[in-house]
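This is what each chain is made of:
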Number of protein chains: 2
Amino acid sequence: MNSPAHPGPGGHQAGTAPNAVTSGPIAGSRKVYAAPASHPSLRVPFREIAVSDPQQPTVRVYDPSGPYTETDARIDLEAGLPSVRESWIAARGFPTVAGRAVQPEDNGGVGPDRLVAPCPARRTLRAGQPGALVTQFEFARAGIVTEEMIYVAHRENLAREQALGPASARLADGEAFGAAIPAFVTPEFVRQEVALGRAIIPANINHGELEPMAIGRNFLVKINANIGNSAISSGVAEEVEKLVWAIRWGADTIMDLSTGRNIHNIRSWIIRNSPVPVGTVPIYQALEKVGGDPVKLGWEVFRDTLIEQAEQGVDYFTIHAGVRLHHVPLTASRVTGIVSRGGSIMARWCLAHHRESFLYERFEEICEIMRRYDVAFSLGDGLRPGSIADANDAAQFAELETLGELTKIAWDKGCQVMIEGPGHVPMHKIKVNMDKQLALCGEAPFYTLGPLTTDIAPGYDHITSGIGAAMIGWYGTAMLCYVTPKEHLGLPDRNDVKTGVITYKIAAHAADLAKGHPAAQVRDDALSRARFEFRWEDQFNLSLDPDTARAYHDATLPKDAHKVAHFCSMCGPKFCSMQITQDLRKEVRAMEAEQLAGMEAKSREFLDQGAALYVPVQE
Amino acid sequence: MNSPAHPGPGGHQAGTAPNAVTSGPIAGSRKVYAAPASHPSLRVPFREIAVSDPQQPTVRVYDPSGPYTETDARIDLEAGLPSVRESWIAARGFPTVAGRAVQPEDNGGVGPDRLVAPCPARRTLRAGQPGALVTQFEFARAGIVTEEMIYVAHRENLAREQALGPASARLADGEAFGAAIPAFVTPEFVRQEVALGRAIIPANINHGELEPMAIGRNFLVKINANIGNSAISSGVAEEVEKLVWAIRWGADTIMDLSTGRNIHNIRSWIIRNSPVPVGTVPIYQALEKVGGDPVKLGWEVFRDTLIEQAEQGVDYFTIHAGVRLHHVPLTASRVTGIVSRGGSIMARWCLAHHRESFLYERFEEICEIMRRYDVAFSLGDGLRPGSIADANDAAQFAELETLGELTKIAWDKGCQVMIEGPGHVPMHKIKVNMDKQLALCGEAPFYTLGPLTTDIAPGYDHITSGIGAAMIGWYGTAMLCYVTPKEHLGLPDRNDVKTGVITYKIAAHAADLAKGHPAAQVRDDALSRARFEFRWEDQFNLSLDPDTARAYHDATLPKDAHKVAHFCSMCGPKFCSMQITQDLRKEVRAMEAEQLAGMEAKSREFLDQGAALYVPVQE
């Protein structure tokens with residue numbers, strides 16, 4: 001994916017200053033850091049939305065946007081973000097290593113005149129050793145609660161104390177399809193989930209800037225946004241801005257799908273400045289290194305690319321090791337064949353060489369490399385359906401079975417694993433995808449692209465897929481990969497990225513609500529109260545996109561006075577159903593008071609009459 | 001709802017000429033009329049999408065847009081549309097009537113200087129008689145198949161002959177939750193569904209311009225768009241344009257929610273020029289007639305308004321007769337009280353008078369009026385939840401129970417009935433709404449507003465509700481009332497209306513696919529084949545919104561040559577997964593051919609050796 005320059009609204013713009021990205025709080029919010037009582041030194045980020053009614057509490061929401069949304073954010077891209085994890089990682093005693101030397105092909109063979117310099121931020125480069133604990137999975141299985149787990153627990157508990165009624169009642173009100181969402185997330189619960197393979201904390205030991213987060217169906221549903229380099233970049237700030245913009249609106253992880261020139265160096269800027277996990281598809285860069293011909297790929301260049309990216313600090317790799325030689329003919333009668341880029345690369349390779357995939361054959365070696373840095377697996381669904389016609393076919397489920405087999409190998413090797421899923425699936429065929437994935441992959445987290453529930457709306461595929469994403473998120477998918485309005489048609493611009501992220505925040509939140517997540521409804525209720533009480537500013541600020549909500553209101557009623565008016569543009573000042581309801585509520589209360597007064601009068605009468613149970617007949 | 005003037009793209013614009021509305025075909029399509037073999041005089045409208053590959057058939061889609069999308073559409077708003085149904089209605093022998101005289105308050109008491117003249121189109125005004133068959137329901141129960149039923153059957157069968165495999169297999173592939181979608185829709189099937197009350201054909205005997213359509217869960221899922229007058233209108237063409245614009249993109253019915261000045265006369269323009277059923281909420285106009293004070297409402301003014309609108313040709317009325325006095329206190333502890341405008345009007349009335357609703361008490365009289373013109377009931381859900389917190393509460397379900405009771409009364413009186421539904425409902429509480437509605441209302445068609453699956457995204461409520469709409473459509477809702485991006489915030493403009501309609505077409509189509517509708521997947525498959533074969537123009541034209549799809553593609557690859565290029569902007573010319581898959585398919589075919597050749601060689605060898613089952617050991 002490439003992205004053009006950034007038009008559109010919001011904060012400081014990339015390009016206005018050489019080193020500037022969008023910063024400052026989202027309207028009506030402020031960044032806060034909080035720590036669990038047991039670990040006062042942790043600084044876990046949240047966003048607090050102020051509410052104008054002093055009787056109402058502020059609303060605390062999950063916040064993946066990093067230091068960029070601090071009030072006086074001081075961002076220095078050359079220095080990178082402060083390292084949240086440095087002291088934790090340092091204490092684990094990983095050896096420092098010299099690291100692989102950068103090769104010209106890492107940057108697509110760009111000439112010196114067009115070479116973008118790497119990020120100058122210096123970091124200690126580390127690699128884990130065989131036998132020692134390295135990955136979050138290994139620590140978890142050894143019974144050790146890491147700082148990352150403590151951090152994640154506090155982060156996931158947001159706002160539970162504000163929720164009405166006991167958490168158990170809210171959980172019971174939801175339908176979680178066998179998920180085991182706890183009333184309260186403890187560090188030990190996080191450890192157990194990671195140890196069981198039901199959650200991952202993507203956290204490369206060389207990505208200290210990361211604010212740890214968890215992906216698993218017993219946690220909040222997460223979303224991913226894809227970003228990529230521009231063909232002609234005006235500078236690294238523009239590339240980092242894509243990350244900053246996506247996380248500002250709620251992306252929990254980003255995947256850097258860049259190809260071509262300068263990708264190694266630009267990636268260094270992105271990772272040093274990313275507070276969220278960064279995922280990549282290493283086969284894309286490996287393919288570049290062999291001149292774009294899949295047939296020329298091989299283990300050596302792939303292995304070299306894995307090490308290159310792992311040392312840089314990439315947190316998860318999509319590895320299409322489930323595309324096996326004997327799966328390929330299963331796709332021949334499909335309407336849309338193989339639509340995954342990684343899947344088609346590997347299918348091409350297998351067919352051209354008439355050999356089993358080197359990713360499959362070398363899978364244990366891949367595990368060993370990824371374990372060394374704690375790079376999590378995102379086992380790619382190279383044979384995902386590209387159309388409604390191909391949904392849930394033999395090729396797709398044959399690959400899923402292989403992914404289940406590989407999950408167990410990766411776990412045995414100490415790696416964290418999630419599984420990628422479709423794609424294009426009509427509504428009635430979505431749930432079986434989730435059920436099969438849970439059964440075949442031992443409850444490893446599912447990470448799906450949509451799915452799109454129809455093929456007939458290019459230009460609106462954020463919506464066709466947002467429907468499927470909400471449903472599969474409800475059924476148990478742990479992370480949803482966003483789709484923008486430009487899907488199938490072109491490259492997303494800044495507005496498309498925002499629309500995609502907001503759409504997927506809707507899907508993820510709708511899923512959390514339906515699962516009965518104990519804190520999810522706090523925000524809905526706060527916004528609904530604001531709506532009912534005509535607190536317009538609160539309604540805007542509590543929304544996923546305050547800027548758009550305010551702009552839409554302004555389009556009809558632009559005056560400031562209207563922001564406190566007890567009516568809205570739908571019914572006008574003369575008649576408002578909300579206002580009527582409020583009048584009515586007063587009357588109901590008056591009626592109740594009257595009834596109470598009546599009962600009290602009756603009661604007095606009763607007492608006056610001597611409190612006899614039967615009143616003597618007046619004769 | 002009021003609408004501002006119309007910015008935005010598309011065809012001839014209202015206001016550019018005194019009598020002009022958007023007309024002409026949707027890009028890449030043409031209007032066709034077809035008749036069932038048994039009734040060659042019928043002209044049932046479809047839209048045919050041309051495909052550039054001569055090996056592929058054109059795709060026929062359902063088309064509610066009326067004559068406006070004919071190639072040389074000749075629209076004369078003053079004459080109104082040609083009457084599709086005049087000869088059918090005339091043959092039924094309804095008496096002509098003089099009709100109620102128009103009163104100044106019908107037009108909101110507007111002075112002569114600002115009075116908009118009524119549509120001059122002359123029509124015979126008719127009213128049915130007691131004892132004679134009038135409504136589609138009465139004809140159906142009498143075993144009579146009307147022309148409307150024949151028309152609907154042909155309309156609903158679209159493209160079934162193009163679908164792959166037997167219809168029974170496609171139905172079996174879906175999950176319809178007890179719906180009884182037939183392999184082929186016959187006029188007799190339509191009659192049965194109408195007779196059972198499971199479908200309605202909203203078709204006022206004074207709305208001859210109507211192209212008949214059915215609403216029922218065994219037919220294609222339909223969508224409604226709301227329109228309304230502008231505070232300052234530049235002319236009637238602007239008002240009619242709102243209708244024309246909504247049906248152009250796929251609205252199957254429209255509701256005219258106008259209030260204020262000139263509404264009677266503007267409504268005459270809308271109905272005379274509407275090929276789709278027009279619904280209204282008569283209590284809105286009745287309220288205007290009593291100066292906007294709900295307490296002053298009463299049976300006389302309401303009855304007068306029903307007759308006024310029924311004579312004009314309105315096809316269905318929202319009647320909030322389910323809001324009873326004893327329901328009102330059930331809403332007092334809600335987070336958002338009563339959010340339905342009609343519901344809050346009636347609650348206000350009941351409470352102020354401490355009396356049962358006159359709509360409930362006079363329900364049989366309402367039935368008698370509506371039956372006379374075959375105005376269908378849309379029994380309003382005045383107590384629908386306005387927030388996630390209030391979903392599925394006692395007030396909502398108490399009203400639904402009353403609506404079930406009223407359904408039976410309306411049927412006994414010969415009326416067609418559908419039931420309005422929520423609103424704001426989290427995903428896990430949607431299905432029970434459908435199940436309860438089916439059980440309580442005797443399978444009368446359900447007509448829901450969304451539902452919105454979360455409250456936290458004002459500005460994106462077409463999406464929060466599109467998710468719920470797709471799901472409840474799948475579960476059995478017959479018609480989905482659209483929501484625009486401006487919901488809760490302001491008045492939708494032209495672009496918002498289009499976005500709302502397209503979003504709801506997505507939801508309705510996703511539901512049809514999931515239910516296993518025999519013809520639904522034809523369009524998905526045609527578009528997916530076009531996508532796979534790089535037929536870009538076909539991909540645009542087969543989409544719900546060809547203009548937007550083309551514009552998005554142009555934004556990245558504007559050159560005409562790119563419209564036939566065998567790559568897209570996502571992967572660029574160097575590498576394309578679709579292209580690789582096509583290469584791969586050739587290789588698989590070659591492999592298969594090789595295997596076949598190998599088997600033939602073996603076979604020949606076998607025969608050459610005398611076809612002995614065992615080859616003698618070479619000694």
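Residues numbered from 1 in each chain as written. Chains lettered and ligands numbered in written order. Predicted model: local features only at pLDDT ≥ 70, side-chain atom pairs only at ≥ 80, totals over all residues. Heavy atoms only, no water.

Attention now goes to the overall build of chain A. Assigned secondary structure in chain A consists of 20 helices and 13 strands. Considering chain A as a whole, with its 619 residues, one finds that 66% of them fall into the buried category. For chain A, restricting intrachain contacts to residue pairs at least 6 apart in sequence, the fraction spanning at least 24 positions comes to 75%. In the structure as shown, chain A presents an accessible area of about 21,000 Å², 54% of it carried by carbon and sulfur atoms. (Helix = DSSP H or I, 4+ residues; strand = E, 2+ residues; numbered from the N terminus. Buried < 20%, exposed > 50% of the residue type's maximum accessible area, 1.4 Å probe, protein only. Contact = heavy atoms within 4.5 Å. Areas by Shrake-Rupley, 256 points an atom, 1.4 Å probe, with all protein chains shown as cover.)

Mapping chain B onto chain A calls for a rotation angle of 180 degrees and an axial translation of 0.0 Å; the resulting RMSD is 0.0 Å. One copy is carried onto the other by what is essentially a two-fold rotation axis. Measuring from the rotation axis to each C-alpha of chain B, the shortest distance belongs to Ile467 of chain B, at 2.3 Å. Of the interface residues in chain B, 100% have counterparts in chain A that sit at the interface too, so the contact is made through matching surfaces. (Least-squares fit on C-alpha atoms with pLDDT ≥ 70 in both.)

Another aspect to go through is the confidence of the model for chain A. All names here are of chain A. With 87% of its residues at a pLDDT of 70 or more, chain A has an overall mean of 90. pLDDT under 50 marks residues 611-619. Its contacts with residues more than four places away, or in other chains, come to three contacts. Both scores are given for the predicted complex: the pTM is 0.92, the ipTM 0.92. (pLDDT = per-residue confidence, 0-100.)

Residue and element names in this part refer to chain A. The eight strands lie next to each other as β6-β7-β8-β9-β10-β11-β12-β13, forming a closed barrel whose pairing is parallel. Between one strand and the next, the sheet's axes are offset by a mean angle of 25 degrees, whatever the strand orientation. Relative to strand β13 (residues 479-481), strand β12 (residues 446-449) is paired through three bridges, and the arrangement is parallel. Note that in β13 the partner of Thr448 across the bridge is Leu480. (Pairing = 2+ DSSP bridges. Axes fitted to C-alpha atoms, helices over the stretch in contact; angles between N-to-C directions.)

Locating His462 of chain A in the fold gives a position in helix α15 (residues 461-475). Classification of His462 of chain A as buried rests on a relative accessible area of 6%. Residue contacts for His462 of chain A: discarding those within four places in its chain leaves Val483, Thr484, Pro485, Thr499, Thr503 and Tyr504 of chain A together with Ile463 of chain B.

Where interface size is given, it is often the accessible area lost as the parts come together that is meant. Counting residues at the interface gives 102 residues for chain B, matched by 103 residues for chain A. Together, the buried faces of chain B and chain A total about 8,700 Å²; carbon and sulfur atoms form 68% of this surface. Applying the counting criterion to the chain B and chain A interface returns two salt bridges. Between Lys429 of chain A and Asp173 of chain B there is a salt bridge, and its shortest N-O distance comes to 3.1 Å. Counting across the interface, chain B meets chain A through 16 residue pairs in polar contact (both at pLDDT 80 or more). Of all the secondary-structure elements, those providing two or more residues to the side of chain B that touches chain A are α8 (282-289), α10 (341-353), α15 (461-475), α16 (494-515), α17 (521-532), α18 (536-542), α19 (546-556) and α20 (577-608) of chain B. It is α15 of chain B that provides the largest number of residues to the side of chain B that touches chain A, a total of 10 residues. (Buried area = accessible area lost by both parts, 1.4 Å probe. Salt bridge = Lys/Arg side-chain N within 4 Å of Asp/Glu carboxyl O. Polar contact = N/O pair within 3.5 Å; in protein donor to acceptor, adjacent residues only side chain to side chain.)

Residue and element names in this part refer to chain A. Counting buried positions along strand β11 (residues 417-421) yields five of five residues, so the element is predominantly enclosed. Of the two faces of β11, the one holding Val417, Ile419 and Gly421 and the one holding Met418 and Glu420 are both buried throughout. Relative to β11, strand β10 (residues 376-379) runs parallel, the two sharing three bridges. Residue pairing across strands places Ser378 opposite Met418, the latter belonging to β11. For the handedness criterion, the β-α-β arrangement of β10, helix α13 (residues 394-412) and β11 is classed as right-handed. (Right-handed = clockwise from strand over helix to strand, strands pointing away.)

Moving on, we get to the pairing of strand β7 (residues 253-256) of chain A. All names here are of chain A. Here β7 shows a buried face lined by Thr253 and Met255 and a second buried face lined by Ile254 and Asp256. The pairing of strand β6 (residues 222-227) with β7 spans four bridges and is classified as parallel. Across the sheet, residue Asn226 finds its bridge partner in β7, namely Met255. Pairing of β7 with strand β8 (residues 278-280) involves two bridges; the strand directions are parallel.

This next bit is on helix α8 (residues 282-289) of chain A. Residue and element names in this part refer to chain A. For α8, the tally of buried residues reaches seven of eight residues, placing the bulk of the element in the interior. Regarding α8, the residues found buried are Pro282, Ile283, Tyr284, Gln285, Ala286, Leu287 and Lys289. Where α8 is buried, its residues contact α7 (263-272), β8, α9 (299-312), β9 (316-319), α10 (341-353) and α11 (358-361). The first or second residue beyond α8 is Gly291, which carries a positive phi of 75 degrees.

The nonpolar side chains of soluble globular proteins are, as a tendency, buried together. One finds Phe377 of chain A together with Phe377 of chain B to be the most contacted residues of the largest nonpolar core, which totals 292 residues. The next biggest cluster of nonpolar side chains, apart from the first, holds 16 residues, and it includes Phe189, Ala199, Ala203 and Leu210 of chain B. (Core = buried A, V, L, I, M, F, W, Y, C linked by side-chain atoms within 4.5 Å.)

This paragraph deals with the packing of aromatic side chains. Applying the stated criterion across every chain, the model contains 25 aromatic pairs over all chains. On the basis of an interplanar angle of 25 degrees and a centroid distance of 6.4 Å, the ring pair of Phe137 of chain A and Trp411 of chain A is categorised as stacked. Of this pair, Phe137 of chain A sits in helix α2 (residues 136-141) while Trp411 of chain A sits in helix α13, and the two are 274 residues apart along the sequence. Under the relative-accessibility criterion, Trp411 of chain A is labelled buried at 12%. Judged by centre distance (6.3 Å) and plane angle (90 degrees), the ring pair of Tyr316 of chain A and Tyr447 of chain A falls under edge-to-face. Of the two residues, Tyr316 of chain A is situated in strand β9 and Tyr447 of chain A in strand β12; the sequence distance between them amounts to 131 residues. Connected via pairs of aromatic rings, a cluster forms that spans Trp299, Phe302, Trp349 and Phe358 of chain A. One Lys or Arg, Lys498 of chain A, reaches over the ring of Trp249 of chain A and ends 4.0 Å from the middle of that ring. Across the ring face of Tyr552 of chain A, the terminal group of Lys486 of chain B is positioned such that the distance to the ring centre comes to 5.1 Å. (Phe/Tyr/Trp six-rings, centres within 6.5 Å; stacked < 30°, edge-to-face > 60°. Lys NZ or Arg CZ within 6 Å of the ring centre and 35° of its normal.)

In this section: the pattern of salt bridges. Residues and elements named next belong to chain A. By the definition in use, this model includes 80 salt bridges over all chains. Note that Glu148 is salt-bridged to Arg85, the shortest N-O span being 2.9 Å. Here Arg85 lies in the loop between β3 (59-62) and α1 (86-90) and Glu148 lies in helix α3 (residues 147-156), a separation of 63 residues in the sequence. Comparing Glu148 with Arg85, the two get one shared label, buried. Between Arg126 and Glu86 there is a salt bridge, and its shortest N-O distance comes to 2.7 Å. Here Arg126, found in the loop between α1 and α2, pairs with Glu86, found in helix α1; they are 40 residues apart in sequence, far enough to count as distant. With a relative accessible area of 32%, Glu86 lands in the partly exposed category.

Glancing now at the packing of helix α7 (residues 263-272) of chain B against helix α9 (residues 299-312) of chain B. All names here are of chain B. Contact geometry of α7 with α9 gives a least axis separation of 10 Å together with a crossing angle of 35 degrees. Side by side, α7 and α9 meet where His264, Arg267, Ser268, Ile271 and Arg272 of the first sit next to Glu308, Gln309 and Gln312 of the second. When its residues are assigned to classes, the contact of α7 with α9 shows one nonpolar, four polar and three charged. (Nonpolar A, V, L, I, M, F, W, Y, C, P; charged D, E, K, R; others polar.)

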